[in-house]
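# Architecture at a glance
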Amino acid sequence: MGIRATGHGPRIMSHSDIHTPVMLERCVELLAPALAQPGAVLVDATEGMGGHSEALLERFPDIRLIGLDRDTDALRIAGERLARFGDRVTLVHTVYDGIADAVASAGVSRIDGVLFDLGVSSLQLDEAARGFAYAQDAPLDMRMDQTAGTTAADIVATYGEGDLRRIFERYGEEKLAGRYARAIIAARADAPIERTGRLVDILIAATPAAVQREGRGHPAKRVFQALRIEVNAELAVLDRAIPASMDLLRVGGRIVVMSYQSLEDRLVKRVFADASSSTAPAGLPVELPEHAPRFRLLVKGAELASDEEKERNPRATPVRLRAAERVREAA
Ligand SMILES: C[S@@+](CC[C@H](N)C(=O)[O-])C[C@H]1O[C@@H](n2cnc3c(N)ncnc32)[C@H](O)[C@@H]1O
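Residues numbered from 1 in each chain as written. Predicted model: local features only at pLDDT ≥ 70, side-chain atom pairs only at ≥ 80, totals over all residues. Heavy atoms only, no water.

Going by what an unreviewed UniProt entry lists, the chain is known as Ribosomal RNA small subunit methyltransferase H and is assigned to Microbacterium lacticum. Quoted verbatim from the Catalytic activity (unreviewed entry) heading of the UniProt record, the comment on the chain is "cytidine(1402) in 16S rRNA + S-adenosyl-L-methionine = N(4)-methylcytidine(1402) in 16S rRNA + S-adenosyl-L-homocysteine + H(+)". Database annotation for the chain, UniProt heading Sequence similarities (unreviewed entry): "Belongs to the methyltransferase superfamily. RsmH family." (UniProt positions renumbered as here; feature names shortened; annotations may be inferred.)

What follows is the structure, encoded as structure tokens:
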């Protein structure tokens with residue numbers, strides 16, 4: 001049981017309440033061939049509340065699991081949930097680009113499977129005080145690891161107009177990036193922007209009525225996504241973590257990644273495409289073994305959740321799943 005504070009006092013939630021794992025059956029199916037032998041090691045790089053981990057530990061009674069998360073609250077909840085699996089589970093507080101160190105410190109050299117279920121957890125979104133949600137007024141924080149780093153309020157207070165515009169464009173794909181950056185600079189000259197509610201008001205006031213009628217979603221949606229990505233350096237970390245985790249896989253080992261926004265999915269697609277392509281120089285008549293691809297793709301393009309799952313679990317609506325298997329050692 002996890003105990004979580006809500007606006008109405010503590011509410012005791014059963015673990016099945018708090019998170020329905022996305023595309024769980026597909027993850028099990030894709031990882032199964034790699035987890036078949038006794039003692040196989042699976043890394044859940046985004047432990048969250050342990051939904052995927054719990055199901056995988058149940059389905060594969062001989063595997064060992066190393067779970068990573070940068071959020072200490074998530075690790076505490078996952079720890080309670082997975083306690084019954086005893087020493088089959090090792091949880092590590094780390095950003096996932098620290099996967100190689102985390103695996104080594106657990107006494108493991110090669111892994112058989114790795115799962116990434118990217119983004120924020122429902123715990124983080126529902127916990128108003130974390131500042132991830134534009135629908136709830138809270139301190140403008142957005143750190144996944146509350147023990148370290150810069151908050152969204154720090155960014156909004158200190159970045160120049162050009163930098164704000166750049167992150168809104170790049171990480172939010174926001175068409176009104178320049179207008180929003182200017183509005184923030186003007187508003188912070190009056191008073192610091194320390195709460196999500198004030199930032200939302202500034203963004204709404206800066207959005208032309210005609211744009212609001214276009215149905216592009218809430219005016220704050222893309223700016224909040226951009227700030228979250230910047231606060232947590234999400235893309236830079238992912239760009240290091242996916243190749244690092246692929247390097248740890250033994251031949252026959254498998255990686256499954258679920259992304260919830262296009263920037264992450266494009267990055268995963270590029271890394272997978274590189275790893276599954278021949279590196280033979282153009283014009284070479286015969287491919288040498290060291291030029292052969294190290295991975296093969298297990299799904300064509302990106303796979304989506306079924307309509308039935310999307311209806312049951314709206315969190316599955318934007319998911320894009322990609323998976324690959326290691327087919328040879330590095331040269
Ligand atoms: C969508 S949730 C995972 C949910 C999990 N699969 C489950 O079934 O409960 C994503 C988790 O990844 C964590 N996370 C996101 N980025 C991370 C990073 N760079 N390093 C480590 N953990 C990260 C978040 O803190 C969050 O707990």
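### A short note on the UniProt feature "binding site: S-adenosyl-L-methionine" (unreviewed entry) in the chain
Annotation from UniProt places "binding site: S-adenosyl-L-methionine" (unreviewed entry) at G50, G51, H52, D69, Y96, D117 and Q124. One can find D69 in strand β4 (residues 64-69). Using a relative accessible area of 11% as the deciding quantity, one classes D69 as buried. Not counting the four nearest positions on each side in its chain, D69 is found in contact with T46, E47, G48, A74, L75, V92, H93 and T94. Along the chain, Y96 falls in the loop between β5 (89-93) and α5 (99-105). Overall, Y96 belongs to the buried group, its relative accessible area being 15%. (Helix = DSSP H or I, 4+ residues; strand = E, 2+ residues; numbered from the N terminus. Buried < 20%, exposed > 50% of the residue type's maximum accessible area, 1.4 Å probe, protein only. Contact = heavy atoms within 4.5 Å.)

### Details of the site of the ligand
As a matter of local geometry, the ligand sits amid 24 residues, with H52, D69, Y96, D117 and Q124 nearest to it. Within the contact set of the ligand, an oxygen atom lies 3.1 Å away from a backbone nitrogen or oxygen of G51. In the model, a nitrogen atom of the ligand is placed 3.2 Å from a nitrogen or oxygen of the R70 main chain. Calculation on the ligand without its partners gives an accessible area of 600 Å², and the protein chains cover 99% of this total. When grouped by side-chain class, the residues that make up the shell around the ligand number eight nonpolar, ten polar and six charged. (Near = heavy atom within 4 Å. Polar contact = N/O pair within 3.5 Å; in protein donor to acceptor, adjacent residues only side chain to side chain. Areas by Shrake-Rupley, 256 points an atom, 1.4 Å probe, with all protein chains shown as cover. Nonpolar A, V, L, I, M, F, W, Y, C, P; charged D, E, K, R; others polar.)

### Describing the packing of helix α13 (residues 234-248) against helix α14 (residues 262-275)
As a packed pair, α13 and α14 sit with axes 10 Å apart at the nearest point and diverge in direction by 30°. Here α13 is positioned roughly parallel relative to α14, judged by the angle of their axes. Crossing hand, α13 versus α14: right-handed. Listed contacts from α14 to E234, L235, L238, D239, I242, P243 and M246 of α13 are L263, E264, L267, V268, R270, V271, F272 and A275. (Axes fitted to C-alpha atoms, helices over the stretch in contact; angles between N-to-C directions. Parallel < 35°, antiparallel > 145°, perpendicular 65-115°, else oblique. Left-handed = near helix turned anticlockwise from the far one by under 90°.)

### Digging into the pattern of salt bridges
Taken as a whole and judged by the stated rule, the model has 26 salt bridges. Among the salt bridges present, the one from R166 reaches D163, with a minimum N-O distance of 3.6 Å. Pair noted here: R166 and D163 are both in helix α8 (residues 161-172), with a separation of three residues, about one helical turn. (Salt bridge = Lys/Arg side-chain N within 4 Å of Asp/Glu carboxyl O.)

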